[in-house]
Amino acid sequence: MATNPKNPPEEKLAEFTKLLESSRKLQADILNYGLDAAEIYVEDVDGDWLENWDSNTYFDSIIFLLESDDLVAVRVREKSREKSTSEIASELEKMWQIADEYDRKFAVRNLLAGGISVASSNRDISDKNEEDGIELLELAEELLEKLARIFEEQE
């Protein structure tokens, strides 16, 4: 078994020990202070974060984009006629959580090709023809770029 030269076992052990100590401290603080321990660990515990909980999702922004007259949105709607806007938005929101950029792009491509499962992010989907596959991949890239810009503005 090869070891990762960037992160030797000693560093991993030190990091694990540090995390274990911090979790023990959190547990001790909860036992000592009860619910008041949240004041120690949360900056804005008394703020309006609970009221704004739903506004932190990307779903509404995706819906807004998909229902707009944006050229990419129009093309996405054309490719996904059988699906509702909310169904597409829900799947795109899930796909946005895929860590690997290429897997995310191919998952969106599969969605546009007619697949609906986030789990089907494989890159070897069979296309009607190569040209259609390239077109779908380009549309997926454009859509992801638009979403990235929108989400960046939200934060």
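Before reading further, recall that the structure is shown in the block above.
Attention here is on the structure that accompanies the text. (Residues numbered from 1 in each chain as written. Predicted model: local features only at pLDDT ≥ 70, side-chain atom pairs only at ≥ 80, totals over all residues. Heavy atoms only, no water.)

### Some remarks on the nonpolar core
Moving on, step 1. Core analysis: the largest hydrophobic core is formed by 24 residues, its most contacted members being Ile 62, Val 76, Leu 92, Val 108 and Leu 143.
Moving on, step 2. Those elements giving two or more residues to this core turn out to be α3 (59-66), α4 (71-79), α5 (85-96), α6 (101-113) and α7 (130-154).
Moving on, step 3. Once residues lying within four places of it in the same chain are set aside, the contact partners of Ile 62 are Ala 89, Leu 92, Glu 93, Leu 147 and Phe 151. (Core = buried A, V, L, I, M, F, W, Y, C linked by side-chain atoms within 4.5 Å. Buried < 20%, exposed > 50% of the residue type's maximum accessible area, 1.4 Å probe, protein only. Helix = DSSP H or I, 4+ residues; strand = E, 2+ residues; numbered from the N terminus. Contact = heavy atoms within 4.5 Å.)

### Here's the deal with the side chain of Lys 105
Moving on, step 1. Tracing the sequence through the fold places Lys 105 in helix α6.
Moving on, step 2. Of the residues examined, Lys 105 reaches a relative accessible area of 11% and is grouped as buried.
Moving on, step 3. Not counting chain neighbours up to four residues away, the residues in contact with Lys 105 comprise Leu 137, Ala 140, Glu 141 and Leu 144.

### Quick look at the packing of α3 against α5
Moving on, step 1. Taken N-terminus to C-terminus, the directions of α3 and α5 make an angle of 130°; their axes are 9 Å apart at the nearest point. Relative to α5, the element α3 lies oblique. The two elements α3 and α5 meet at a crossing, and its hand is right-handed. Counting all contacts with α3, which are made through Phe 59, Ile 62, Ile 63 and Leu 66, the residues of α5 involved are Thr 85, Ser 86, Ile 88, Ala 89, Ser 90, Leu 92 and Glu 93. (Axes fitted to C-alpha atoms, helices over the stretch in contact; angles between N-to-C directions. Parallel < 35°, antiparallel > 145°, perpendicular 65-115°, else oblique. Left-handed = near helix turned anticlockwise from the far one by under 90°.)

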